[in-house]
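Now for the letters of each chain:
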Amino acid sequence: MHKRFLRRTALLLTAMLLLLCCGCDFNTTVITDADSPDTVSDAFFSSLRQKDFEKCDDCLADSATIRVTDNSESGFTDILVDFYLGKLQYQPVGSADISGIKAVRKIRVTTPDKAAFLEWFKSNKYSVEKQYLKENNLSTLDHQNPDDIRKFMNFAVNEYAGSAAMKTTELELRFVLEDNRWLIIGDNELVSAIYGGCSDENQ
């Protein structure tokens, strides 16, 4: 009778412990000699500022890429990429929180505000174009010539750069451990933060 009571008590305690454990959120640690998520995120943004997209992509999971495809005839996208990355500021907020093969690190990214730039360009297009023509001794601007448009847009961006409105975005950079390497999970939130937010956002 005494042994049966002890056995029932042990089973009851085991069941209670299982129930308690089911309600707990345990962080598990994976033993790895991989560079830490903090090191990877710092390397990613350092390479991004240098426009070394190959090294950036090497930090991304799922064969993702941070390269921007320029589908415009004038190549204006490249000018904007240089503009944003030239002013990019990156600030980590603490260290990464690791749970198993996943990790999260809070960061702040500051770049020119896309919506503010578009608003400035709409409001100042004609005055900037007039200034461009004057400084280049031109009478007109051929809006059908991709090369002329590229030169003008490069001039416009340089005019704006000195007083560019900046936007800071705080986000969680997510990581996954793949093949013994911590890699960044690229998503739209990260791209939006790097390139000044979506133009249709409410400011």
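Residues numbered from 1 in each chain as written. Predicted model: local features only at pLDDT ≥ 70, side-chain atom pairs only at ≥ 80, totals over all residues. Heavy atoms only, no water.

### Focus: the pattern of salt bridges
Opposite charge on two side chains makes pairing possible when the charged atoms of those side chains draw close.
Alright, step 1. Under the criterion given, the structure shown has 7 salt bridges.
Alright, step 2. For aspartate 57, the salt bridge identified is with arginine 67, shortest N-O distance 3.5 Å. Of this pair, aspartate 57 sits in helix α3 (residues 53–58) while arginine 67 is found in the loop between α3 and α4 (76–86), placing the two residues 10 residues apart along the sequence.
Alright, step 3. Judged by relative accessible area, which is 18%, aspartate 57 ranks as buried.
Alright, step 4. A salt bridge links aspartate 58 to arginine 181; the shortest N-O distance between them is 3.3 Å. Remark: arginine 181 occurs in strand β4 (residues 181–184) and aspartate 58 occurs in helix α3; sequence separation between them is 123 residues.
Alright, step 5. Among the ionic contacts, a cluster of salt bridges with common partners joins Asp38, Asp42 and Arg105. (Salt bridge = Lys/Arg side-chain N within 4 Å of Asp/Glu carboxyl O. Helix = DSSP H or I, 4+ residues; strand = E, 2+ residues; numbered from the N terminus. Buried < 20%, exposed > 50% of the residue type's maximum accessible area, 1.4 Å probe, protein only.)

### Focus on the state of the cysteines
Alright, step 1. Within the structure shown, the criterion is met by 0 disulfides.
Alright, step 2. In this structure cysteine 56 is not part of a disulfide, and its nearest cysteine sulfur, from cysteine 59, lies 6.7 Å away.
Alright, step 3. The class of cysteine 56 is buried, set by a relative accessible area of 0%. (Disulfide = S-S within 2.5 Å.)

### Side note on the environment of aspartate 58
Alright, step 1. Residue classification places aspartate 58 among the partly exposed positions, given a relative accessible area of 46%.
Alright, step 2. Here the alpha-carbon distance between aspartate 58 and valine 40, two residues 18 residues apart in the chain, equals 9.7 Å.
Alright, step 3. Residues within four places of aspartate 58 in sequence aside, it is in contact with Arg181 and Leu183. (Contact = heavy atoms within 4.5 Å.)

### Digging into the environment of phenylalanine 76
Alright, step 1. With respect to the helices and strands, the residue phenylalanine 76 is situated in helix α4.
Alright, step 2. By relative accessible area, which is 18% here, phenylalanine 76 ends up buried.
Alright, step 3. Along the sequence, phenylalanine 76 and proline 146 sit 70 residues apart, while their C-alpha atoms lie 9.1 Å from each other.

### Observations regarding the confidence of the model for the chain
Alright, step 1. Taken as a whole, the chain shows an average pLDDT of 84; of its residues, 80% reach a score of 70 or greater.
Alright, step 2. Averaged pLDDT values for the elements of the chain fall to 48 in helix α1 (residues 2–22) and rise to 97 in helix α2 (residues 37–49).
Alright, step 3. Segment residues 15–26 is flagged for pLDDT under 50; beyond a separation of four residues in sequence, or across chains, it makes 2 contacts in the model.
Alright, step 4. Scored below 50 in pLDDT, residues 199–203 makes 9 contacts in the model with residues more than four places away or belonging to other chains. (pLDDT = per-residue confidence, 0-100.)

### Concerning the packing of aromatic side chains
What describes a pair of aromatic rings is the distance from one ring centre to the other and the angle between the planes of the rings.
Alright, step 1. Under the counting rule described, the total for this entry stands at 13 aromatic pairs.
Alright, step 2. Centre to centre, the rings of tyrosine 84 and tyrosine 195 are 5.9 Å apart; their planes meet at 90°, and the pair counts as edge-to-face. Taken together, the residues span a long stretch of sequence, with tyrosine 84 in helix α4 and tyrosine 195 in the segment after α7 (188–194) at a distance of 111 residues.
Alright, step 3. For tyrosine 195, a relative accessible area of 10% puts it in the buried group.
Alright, step 4. Linked through ring pairs, Phe83, Tyr84, Phe117, Trp120, Phe121, Tyr132, Phe152, Phe155, Tyr160 and Tyr195 together constitute an aromatic cluster. (Phe/Tyr/Trp six-rings, centres within 6.5 Å; stacked < 30°, edge-to-face > 60°.)

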